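The residues making up each chain are set out below.
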Amino acid sequence: MITFTDEQIMVRDMIRKLCREKIADRSREVDETKEYPWDLHQLFVDYGLFNLRVPERYGGAEMDYTSACIVVEEIARVDGACANTIAHHQAGMCAFMGGANEMQRDKYLPRVGRGDYLVGFALTEPNAGSDAFSLTTRARQDGDGFVIDGTKCFISNSGLTDLYVLFTTVNPAMRRDGVTAFLVDKDTPGLSIGKNENKMGLRASPTRQLVFENMRIPAENLLGQVGKGWELVLRSLTETRVLVGAMALGIAQGAMDAAVAYAREREQFGKPIAEFQGVSFMLADMAIKVECARALIYQIASSVDKGMRDQHYYASVAKCFASDMAMKVTTDAVQVMGGYGYTKEYPVEKMMRDAKATQIIEGTNQIQRIQIARNLLKRYG
Ligand SMILES: Cc1cc2nc3c(=O)[nH]c(=O)nc-3n(C[C@H](O)[C@H](O)[C@H](O)COP(=O)(O)OP(=O)(O)OC[C@H]3O[C@@H](n4cnc5c(N)ncnc54)[C@H](O)[C@@H]3O)c2cc1C
């Protein structure tokens, strides 16, 4: 059992009510149309969900990490795509906060603090996914600024985003030591935004290519230092991996809610299917997995709130466990609901599709296992 503070419980209950009353019913429709739900976006703005972690002095809510996980979990319980929009904005924000100097903070944080200004995280390229050191989006120093050429892909919230944290290389041969981050305003000449990918899940969360052609960026938009961008990638991925874990947890909880309700109602052989051991054990296994993931995620989140800094290993463990768990729980929820679970009349097939993404985003689970194993072997070395 997790013990939340009174404030965290208040946040949870407020978001849970919002989800139940305004988001749950829209989830199926926005999945089908693949349209970004601007009405829900406005609710997120009104509830301050895009400035959760922004310091109060810039107008933000300055929430702790645990509360951010609570928000993402609760939203994912009814809609994975909306949770992804918020989690990926946090990914951009985290990189920003890691590298921004005073001038950049003063310029951008009041905008984010307003609550309607989104920040994106642009790392992945067509030929640089898991092998993120092999970036080819190139930044060349030119006079008092930089010129950038290249292509990013699968960038969440593209088209909604106001400011991109863009990871480039100043020299591909330098791999990690060439990675350099810039702040790119959405209206910068030379930036064009590609088509919205037709995805399996998280369909209402736009994922697009970004193309940079001869894009000039002033030196003041350099985020951090030349060659030090990887530190910002790592900082952001570490924080967002736990949020993606919370997202997976919410999706699994939503699927379990639906499966339990269905199993109590649906009768076969003259009794509710929940009374068959074969079904009730599946429900019990769902609960075991969901509770383990919840304990893990909030233990890490609360440690971070208490000052733990080196949470890379635990972030990988949490993201990997929670997303594999969500895949299993959502698949089993479809099974519990039989043919009806396989139709779009019920939410679990969508949850299964949404859960799949959590095994891929913020580094695939194979990459998480590589990180976990490396860390483990070092400890025993
Ligand atoms: C919905 C969605 C949203 C996303 N949002 C963003 C975003 O906002 N910003 C962003 O920068 N990126 C984003 N991404 C990109 C995402 O981070 C990448 O898709 C992911 O890192 C994997 O890269 P890839 O797709 O190129 O797969 P690849 O790296 O080509 O991997 C293909 C397969 O090979 C496996 N593999 C690769 N290397 C190894 C290895 N060494 N050992 C074992 N297995 C390996 C992988 O695990 C995977 O199964 C998003 C992706 C999706 C699907």
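Reading the values: rules and limits
Residues numbered from 1 in each chain as written. Predicted model: local features only at pLDDT ≥ 70, side-chain atom pairs only at ≥ 80, totals over all residues. Heavy atoms only, no water. Axes fitted to C-alpha atoms, helices over the stretch in contact; angles between N-to-C directions. Helix = DSSP H or I, 4+ residues; strand = E, 2+ residues; numbered from the N terminus. Left-handed = near helix turned anticlockwise from the far one by under 90°. Contact = heavy atoms within 4.5 Å. Nonpolar A, V, L, I, M, F, W, Y, C, P; charged D, E, K, R; others polar. Salt bridge = Lys/Arg side-chain N within 4 Å of Asp/Glu carboxyl O. Buried < 20%, exposed > 50% of the residue type's maximum accessible area, 1.4 Å probe, protein only. Parallel < 35°, antiparallel > 145°, perpendicular 65-115°, else oblique. Near = heavy atom within 4 Å. Polar contact = N/O pair within 3.5 Å; in protein donor to acceptor, adjacent residues only side chain to side chain. Areas by Shrake-Rupley, 256 points an atom, 1.4 Å probe, with all protein chains shown as cover.

### Points about the packing of helix 4 (residues 65–78) against helix 7 (residues 229–265)
Interhelical geometry of helix 4 versus helix 7 gives an angle of 35° and a closest axis separation of 7 Å. Like other packed secondary-structure pairs, helix 4 and helix 7 cross with a definite hand, here right-handed. For the pair helix 4 and helix 7, contact is made by Y65, A68, C69, V72, E73, A76 and R77 and by T238, E239, V242, L243, A246, M247, L249, G250, I251, Q253, G254 and D257, respectively. A breakdown of the residues in the contact of helix 4 with helix 7 according to their chemical character gives 11 nonpolar, four polar and four charged.

### A few points about the pattern of salt bridges
Scanning the model with the defined rule gives 26 salt bridges in all. Across the pair E21 and K17 runs a salt bridge whose closest N-O atoms are separated by 3.5 Å. Of this pair, E21 and K17 are both found in helix 1 (residues 6–23), four residues apart, which corresponds to roughly one turn of the helix. E349 serves as the salt-bridge partner of K344, at 3.6 Å between the closest nitrogen and oxygen. For E349, a relative accessible area of 13% puts it in the buried group. One network of salt bridges, with partners in common, ties together R16, E74, R77 and D257.

### Here we look at the packing of helix 5 (residues 80–99) against helix 7
For the pair helix 5 and helix 7, interaxial distance at closest approach is 8 Å and the crossing angle is 160°. Between helix 5 and helix 7, the angle falls in the class roughly antiparallel. Remark: the crossing between helix 5 and helix 7 carries right-handed chirality. Counted together, G80, A83, N84, A87, Q90, A91, C94, A95, M97, G98 and G99 of helix 5 and L232, R235, S236, E239, T240, L243, M247 and I251 of helix 7 form the full contact between these two elements. Residue composition of the contact of helix 5 with helix 7, grouped by class: 10 nonpolar, seven polar and two charged.

### Remarks on the site of the ligand
Close to the ligand lie 17 residues, the nearest being T124, S130, F154, T364 and Q366. S130 is positioned such that a nitrogen or oxygen atom in its side chain is 2.6 Å from an oxygen atom of the ligand. Contact distances for the ligand include 2.6 Å between an oxygen atom and a side-chain N or O atom of T364. Look at the ligand: alone it shows 970 Å² of surface, and the protein chains cover 66% of it. Mapped by element, the contributors of at least two residues to the shell around the ligand are strand 3 (145–156) and helix 12 (365–380). The residue inventory of the shell around the ligand, partitioned by class, reads eight nonpolar, seven polar and two charged.

Function-wise, these values are silent; they only describe arrangement.
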